[in-house]
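Read off the chains here:
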Amino acid sequence: MNLHGTVAEGFEPVRDAFARNFTALGERGAAVAVYRDGRKVVDLWGGARDVDGTAGAEPWRRGTAQVVRSATKGVAAAVPLLLHRRGELDLDAPVGEYWPEFKAHGKERVLVRHVLNHRAGLPVLDRPLTPEDALDPLRGPAAVAAQSPVWEPGTDHGYHALTYGWLLDELVRRVSGGRGAGQWIADEIAGPLGLDLWVGLPAAEEEAGRAGRVGRLDEPEPEPARSGSGPRLRPKRSVTEAYENPESLTRRAFAAITPFPDQNDPEYRAAALPAANGIATADGLARFYAALIGEVDGVTRDVRLFDRATMELARAEESAGPDRVLVVGTRFGLGYMLHGSASPFLGPGSFGHPGRGGSLGFADPESGIALGYVTNGFRKTVTADPRAQALVRAVRAALAQGPSPS
């Protein structure tokens with residue numbers, strides 16, 4: 001295995017862990033980037049761009065991007081928080097104040113913050129959307145507006161795996177005069193920061209993808225046998241049963257689109273689904289999170305996305321305990337998962353979001369660390385992929401041995 005890239009002095013444990021992911025954990029193509037205090041200290045990639053053989057042995061390159069599944073949620077969450085900072089969106093207002101059609105079927109008391117902290121009671125659709133309907137920017141929000149909550153909004157929490165995207169996107173459209181979250185991210189986040197990150201892949205980038213820009217994901221595969229240190233993340237029987245039971249909230253939440261679209265289909269990648277279909281490089285994810293906690297050099301100036309107050313708002317605990325969808329204990333702030341047993345980051349103050357199948361992006365303000373990891377080896381893991389966790393532990397080890405922040 002030929003790995004490429006660089007690591008700053010003191011961050012060699014991350015390079016070692018990244019290499020072990022290929023030799024011991026079945027990694028096939030991936031990249032990881034780490035920033036500290038706005039400066040990139042890890043930039044690594046390796047393996048093959050595609051995993052299904054369509055491009056032969058085309059290698060993963062520095063700028064290869066991938067679908068990052070629910071890691072998209074952390075990027076999308078910045079949009080309503082920035083709108084709130086500008087005074088355009090009240091987190092404690094009813095959603096129906098901005099979106100009148102939403103108020104039907106017992107949703108009058110769903111607040112904007114309930115959308116972000118997974119307490120809206122709307123993780124499922126009684127009538128799942130077809131792939132064609134799901135990619136239509138009008139039909140997804142209309143389906144959520146017609147849905148009744150499955151618990152009293154605000155009283156409990158459960159992961160809104162797919163419905164989160166339609167809820168957030170329509171709120172942003174109503175507040176922003178028709179501009180959806182994907183375009184908002186392109187205009188005001190990815191553009192100023194020069195990020196290789198999209199929610200709705202432009203045609204020009206799709207064309208570039210045919211020449212090696214955007215890789216192809218594979219289908220879920222079993223986790224390979226592992227050797228060495230690190231926890232064995234076997235799901236509890238209750239979790240396994242929840243995913244197998246077609247009537248459970250777990251199964252229904254992930255089946256809100258049935259069947260799920262081909263993630264390598266250009267039409268799917270061109271649509272804007274803020275819950276699930278963001279496309280990013282590892283550097284794009286890491287750089288985004290670095291800009292949430294400090295200044296990063298942008299295209300024309302230094303850029304910081306969150307001020308201190310907004311950052312604290314994002315990572316303040318809003319939901320904690322047994323998750324009615326994921327069937328494990330989860331912690332959420334406003335749009336972000338928080339450090340915990342289900343999704344370990346660096347420490348108690350970390351916030352970010354994993355993507356089902358492996359990808360991960362997060363920031364830890366106390367250490368100044370921001371990490372982005374993307375992979376084409378899609379696994380069945382939802383919140384704590386062993387490959388991503390190996391990289392997190394390596395960053396922790398590097399900090400413990402005292403790498404220089406400058």
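To be clear, the structure that these remarks concern was listed above.
Residues numbered from 1 in each chain as written. Predicted model: local features only at pLDDT ≥ 70, side-chain atom pairs only at ≥ 80, totals over all residues. Heavy atoms only, no water.

A. Spotlight on the overall build of the chain. Secondary structure assignment for the chain yields 15 helices and 14 strands. Relative to the globule expectation of 22 Å for 406 residues, the C-alpha radius of gyration of the chain, 20 Å, shows essentially globular dimensions. With the C-alpha coordinates of the chain rotated into their principal frame, the extents come out at 55 × 45 × 40 Å. Counting over 406 residues, the chain shows a buried share of 57%. Of all intrachain contacts in the chain linking residues separated by at least 6 positions in sequence, the fraction that spans at least 24 positions is 68%. Here the chain has roughly 15,600 Å² of accessible surface; of this, 49% comes from carbon and sulfur atoms. (Helix = DSSP H or I, 4+ residues; strand = E, 2+ residues; numbered from the N terminus. Rg over C-alpha atoms; globule rule 2.2 N^0.38 Å. Buried < 20%, exposed > 50% of the residue type's maximum accessible area, 1.4 Å probe, protein only. Contact = heavy atoms within 4.5 Å. Areas by Shrake-Rupley, 256 points an atom, 1.4 Å probe, with all protein chains shown as cover.)

B. Representation of helix H8 (residues 181-193). In the structure, H8 departs most strongly from a straight axis at Asp187, where the bend amounts to approximately 30°. Along H8, the positions that sit buried rather than exposed are Ala181, Gly182, Trp184, Ile185, Ile189, Ala190 and Leu193. Among the structural elements, helix H2 (71-85), helix H7 (163-175), strand S5 (197-198), helix H13 (282-293), strand S7 (296-297) and strand S8 (302-303) are those in contact with the buried residues of H8. Once H8 ends, the next one or two residues include Gly194, with phi positive near 65°. (Bend = angle between axes of the 7 residues up to and from the residue.)

C. Layout of the pairing of strand S2 (residues 29-36). Where burial is concerned, most of S2 is hidden: eight out of the eight residues are buried. Covered by surrounding structure in S2 are Gly29, Ala31, Ala33 and Tyr35 together with Ala30, Val32, Val34 and Arg36, the residues of both alternating faces. Remark: two residues form the turn of the hairpin made by S2 and strand S3 (residues 39-47), two consecutive strands paired antiparallel; Asp37 in that turn has positive phi of roughly 55°. In this structure, S2 lies alongside strand S14 (residues 369-375), joined through seven bridges in antiparallel fashion. Opposite Ala30, over in S14, you have Thr375 as the bridge partner. (Pairing = 2+ DSSP bridges.)

D. Up close: the packing of H2 against helix H14 (residues 308-315). Viewed as axis vectors pointing N to C, H2 and H14 meet at an angle of 135°, and their least axial separation amounts to 11 Å. In terms of their interaxial angle, H2 and H14 are classed as oblique. Relative to H14, H2 is oriented so that their crossing is right-handed. On H14, the residues that touch Leu81, His84 and Arg85 of H2 are Thr310, Leu313 and Ala314. (Axes fitted to C-alpha atoms, helices over the stretch in contact; angles between N-to-C directions. Parallel < 35°, antiparallel > 145°, perpendicular 65-115°, else oblique. Left-handed = near helix turned anticlockwise from the far one by under 90°.)

E. Seen up close, the sheet that holds strand S4 (residues 66-67). Reading across from one edge, S4-S6-S5 is the order of the three strands in this open sheet, with antiparallel pairing throughout. With partners counted over all chains shown, the strands left at the sheet margins are S4 and S5, one partner each. Strand direction decides the pairing type here: S5 and strand S6 (residues 279-280), joined by two bridges, are antiparallel. Bridge assignment links Leu197 to a residue of S6, and that residue is Ala280.

F. Local environment of the packing of aromatic side chains. Under the defined criterion, the tally for this structure stands at 11 aromatic pairs. An angle of 40° between the planes, with centres 5.0 Å apart, marks the rings of Trp99 and Phe102 as tilted. Like Phe102, Trp99 is buried. With a centroid separation of 5.8 Å and an interplanar angle of 35°, the aromatic rings of Tyr243 and Phe254 are classed as tilted. On the criterion of sequence distance, the pair formed by Tyr243 in helix H10 (residues 237-244) and Phe254 in helix H11 (residues 249-254) is long-range, its members being 11 residues apart. Accessibility expressed as a relative area gives 22% for Tyr243, which makes it partly exposed. Each residue in the set Tyr159, Tyr243, Phe254 and Phe332 is aromatic and connected to the rest through ring pairs, giving one cluster. For Lys107, the ring lying beneath its charged end belongs to Phe102, and the centroid distance is 5.0 Å. Across from the ring centre of Phe254, 4.4 Å away, lies the NZ or CZ of Arg356, which sits over that ring. (Phe/Tyr/Trp six-rings, centres within 6.5 Å; stacked < 30°, edge-to-face > 60°. Lys NZ or Arg CZ within 6 Å of the ring centre and 35° of its normal.)

G. Highlighting the packing of H7 against H8. The N-to-C vectors of H7 and H8 enclose an angle of 65°; their axes lie 8 Å apart at closest approach. Taken together, H7 and H8 sit at an angle that is classed as roughly perpendicular. Residue-level inspection shows Leu168, Asp169 and Val172 of H7 in contact with H8, the latter providing Ala181, Gly182 and Trp184. Tallied by class, the residues present in the contact of H7 with H8 amount to four nonpolar, one polar and one charged. (Nonpolar A, V, L, I, M, F, W, Y, C, P; charged D, E, K, R; others polar.)

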